[in-house]
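Secondary and tertiary structure notes
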Amino acid sequence: MTKLSIFDAPDRTRVLWHDLKTFPSATHVYLDSILNGTYGEVPPAIASIMHSLKVAAIKNILTIENISILHKIENDSLEIKPTTAPLNEQASSALNFILPLATNDKKTISLTISPEALMHSDTRYGSTILQNMLVLALHFSSPGAALNLTSTQDGVMITGQTQATTQTISDQTSAKHIYSPEQTAETLPALFFYTTEQLANTLGFTFKITAENDTLSIYYAKK
Amino acid sequence: MPKSNPKKILFIDDEPLYVQSYGDVLVAAGYEVTVARNGEDALKKITSEKFSLLIVDLIMPILSGIGFLKKVHRKKIPTIVFTTLEGETDREDALKYGATIFLKKGETSAKTLLSEVDKLLQK
């Protein structure tokens, strides 16, 4: 397949990703600012619409970032300079960014991430993996229980779990096949799953989703 | 609460939504915010006015953020580079040419930006 010429010029590609993200990112920040009361109290009906727009903007940003990362992996141009960052800092950043997506979502999810997985990953991509894990967790949700995510004070582990049973995952022994990249009906989670798997692999870690009994587990740890 | 002698911030960004959403929070906190739409516009403003802090986007028309920083870094003005770019090279270039801190636009809330501005200007 012939590449578009724009992808042959690194600088142009860099600007292209920047430009793609600018509108949803600026929209997200602006709506956030309004919803936080910068200009006074927002009527509930309008706030609800604004919240939906904000969620759509966040999804848009994450999608663009995932495509950008996949493009870098496929072109062998991923910049990885391992840094040691506090896990809590990354968890907090990922949670703050992703929590607007969680409204009204319900799930039975267990998130496990080994400390070294993020501590020895590039900070930026460690955060992306964490964000993608949360998006996948939210996508698996079904009525039953609220998502409860916590991060330990010492930065050792992040866990998220709920108490209810969900039919959507109870009979799966592995959720991976649900999100095969070819499955176009699940384009967004497929993209998030595939990117996370590729990125984790590039960083030297394992990312997998399994389901057993009532619990869907998302796991990210050193190989 | 408006301050009697507000510190001046030059916010250099070509995206009006960013400038408005972040800038309004800084103004509400009592800072005086002047906007420049690109590096060249910022150079003009910086020669005629004194600023306590610069907030600089990297990708802008006419003169980029790095191009601007190369021209002004000797002035030693505290500078926040504020961008959606995520590459390590971008961060290194920004720090090399005088950025005090490097923040990711979009993922940084207006409140967090304000907190960083407060910290830098209280030094």
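Rules and cut-offs
- Residue numbers run consecutively from 1 along every chain, following the written order of its sequence.
- Key to labels: chains lettered from A, ligands numbered from 1, both in the order written.
- Reporting of local features is limited, given that this is a predicted model, to residues whose pLDDT is at least 70; pairs of side-chain atoms are given and counted only at 80 or more, and all residues count toward the totals for whole chains, interfaces and linings.
- Values shown for side chains rest on all heavy atoms present in the structure; no hydrogens or waters enter the calculation.
- A helix here means a DSSP run of H or I that spans at least four residues, while a strand means a run of E at least two residues long, and both kinds are numbered starting from the N terminus.
- Think of it in three bands: with a 1.4 Å probe and only protein chains considered, a residue is buried below 20% of the maximum accessible area for its type, exposed above 50%, and partly exposed in between.
- Every residue pair with non-hydrogen atoms within 4.5 Å of one another is taken to be in contact.
- A carboxyl oxygen of Asp or Glu within 4 Å of a side-chain nitrogen of Lys or Arg is what we treat as a salt bridge.
- Pairs of strands are assigned from DSSP output, requiring at least two bridges between the strands.
- As a rule, the C-alpha atoms of each element are fitted with a line to give its axis, helices using only the stretch in contact, and angles between N-to-C directions run from 0 to 180 degrees.
- Accessible area that two parts lose when put together, evaluated with a 1.4 Å probe and summed over both, is termed the buried area.
- Definition of a polar contact: a pair of N or O atoms within 3.5 Å, with one able to donate and the other able to accept a hydrogen when the atoms are protein atoms, and with sequence-neighbouring residues admitted only if both atoms are side-chain atoms.
- Here a pair means two rings of Phe, Tyr or Trp (six-membered ring of Trp) with centres within 6.5 Å. Their orientation is stacked below 30 degrees between planes, edge-to-face above 60, and tilted elsewhere.
- Summary of the metric used: pLDDT quantifies the predictor's per-residue confidence within the range 0 to 100.
- Here a cavity denotes grid points, spaced 1 Å and computed from the protein atoms alone, that fit a 1.4 Å probe unable to get out, and a pocket denotes an open set having protein on both sides within 12 Å along at least 5 of 7 lines; residues with an atom within 4 Å of a point are the lining.
- Grid points are joined across faces, edges and corners, and a volume is the space filled by probe spheres set on the points.
- Residue polarity is assigned by list, with Asp, Glu, Lys and Arg as charged and Ala, Val, Leu, Ile, Met, Phe, Trp, Tyr, Cys and Pro as nonpolar; anything else, Gly included, falls into the polar class.
- Roughly parallel covers angles under 35 degrees, roughly antiparallel covers those over 145, roughly perpendicular covers 65 to 115, and oblique covers all other angles.

Some details on the overall build of chain A
When helices and strands are counted, chain A shows seven helices and five strands. Ordered by position from the N terminus, the helices and strands of chain A form the series α-α-α-β-α-α-β-β-α-α-β-β. Looking at chain A residue by residue over its 223 residues, the buried ones come to 48%. Pairs at least 24 apart in sequence give 73% of the contacts found in chain A among residues at least 6 apart.

With respect to the pattern of salt bridges
All names here are of chain B. Taken as a whole, this structure holds eight salt bridges over all chains when the rule is applied. Between Glu49 and Lys8 there is a salt bridge, with the nearest N and O atoms lying 3.2 Å from each other. Of this pair, Glu49 sits in the loop between α2 (39-48) and β3 (53-56) while Lys8 sits in strand β1 (residues 8-12); the two residues are 41 residues apart in sequence, bridging distant segments of the chain. Overall, Lys8 belongs to the partly exposed group, its relative accessible area being 25%.

Here's the deal with the sheet that holds strand β5 (residues 101-104) of chain B
Residues and elements named next belong to chain B. As summarised here, the arrangement of the five strands in space is β2-β1-β3-β4-β5, forming an open sheet in which the pairing is parallel. The strands lining the two open edges of the sheet, one partner per strand, are β2 (32-36) and β5. On average, each strand axis in the sheet is inclined to that of its neighbour by 20°, with strand direction left out of account. The sheet contact formed by β1 and β3 spans four bridges and is parallel. The partner of Ile12 across the bridge, within β3, is Val56. The strands touched by α2 are β1, β2 and β3; relative to β2, the strand with the most contacts, the crossing angle is about 135°.

A look at the interface of chain B and chain A
Every contact between the two is made by 23 residues of chain B and, on the other side, 26 residues of chain A. In total, about 2100 Å² of surface goes out of reach between chain B and chain A, with carbon and sulfur atoms giving 54% of it. Summed over the three residues of chain B that lose the most area to chain A, namely Leu17, Glu86 and Glu107 of chain B, the buried surface amounts to 29% of that side. Between the two partners, chain B and chain A, sit three residue pairs in polar contact (both at pLDDT 80 or more).

Quick notes on the packing of aromatic side chains
Summed over the entire model, instances satisfying the criterion amount to four aromatic pairs over all chains. Ring centres of Tyr30 of chain A and Tyr39 of chain A lie 6.3 Å apart, and the angle between their planes is 65°; on these two criteria the pair is classed as edge-to-face. Looking at Tyr39 of chain A, the relative accessible area reads 41%, which means it is partly exposed. Their ring planes at 25° and their centres at 6.2 Å tell us that Tyr18 of chain B and Tyr22 of chain B sit as a pair that is stacked.

Regarding the confidence of the model for chain A
Residues and elements named next belong to chain A. When pLDDT is averaged across chain A, the result is 71; 61% of the residues are at 70 or more. Under a pLDDT of 50 for its full length, residues 1-7 has, in the predicted model, nine contacts with residues more than four places off or in other chains. Note on residues 143-185: pLDDT is under 50 here. Beyond four places in sequence and across chains, it has 104 contacts.

Concerning the side chain of Lys72 of chain A
With respect to the element layout, Lys72 of chain A can be found in helix α2 (residues 44-74). You can call Lys72 of chain A buried: its relative accessible area is 16%. The residues contacting Lys72 of chain A, other than those within four sequence positions of it, are Ser77, Leu78 and Tyr125 of chain A together with Glu86 of chain B.

Some thoughts on unusual backbone geometry
The residue Asp76 of chain A is not glycine, and still its phi comes out positive at about 55°. Checked against the element boundaries, Asp76 of chain A lands in the loop between α2 and α3 (87-98). Using a relative accessible area of 71% as the deciding quantity, one classes Asp76 of chain A as exposed. Residues other than glycine seldom take positive phi values, yet Ile62 of chain B does so here, at roughly 70°. Here Ile62 of chain B shows up in the loop between β3 and α3 (65-72).

Focus on the pairing of β2 of chain B
Of the strand pairs in this sheet, β1 of chain B and β2 of chain B are connected by five bridges, and their pairing is parallel. When the sheet's bridge partners are listed, Lys8 of chain B is paired in β2 of chain B with Glu32 of chain B.

Details of empty space enclosed by the protein
For the coordinates displayed, the defined rule picks out one cavity of 30 Å³ or more. Approximately 50 Å³ is the volume found for the largest cavity. Lining the largest cavity, in full, are Lys21, Ser25, Ile61, Glu65 and Phe97 of chain A together with Thr84, Lys104, Lys105, Gly106 and Glu107 of chain B. Among the residues forming the lining of the largest cavity, the class breakdown is two nonpolar, three polar and five charged.

Observations concerning the packing of α2 of chain B against α3 of chain B
Residues and elements named next belong to chain B. Interhelical geometry of α2 versus α3 gives an angle of 30° and a closest axis separation of 9 Å. Considering their axes alone, α2 and α3 lie roughly parallel with respect to each other. Only Phe68, Lys71 and Val72 of α3 make contact with α2, whose side of the interface consists of Gly39, Ala42, Leu43 and Ile46. Counted by class, the contact of α2 with α3 contains five nonpolar, one polar and one charged residues.

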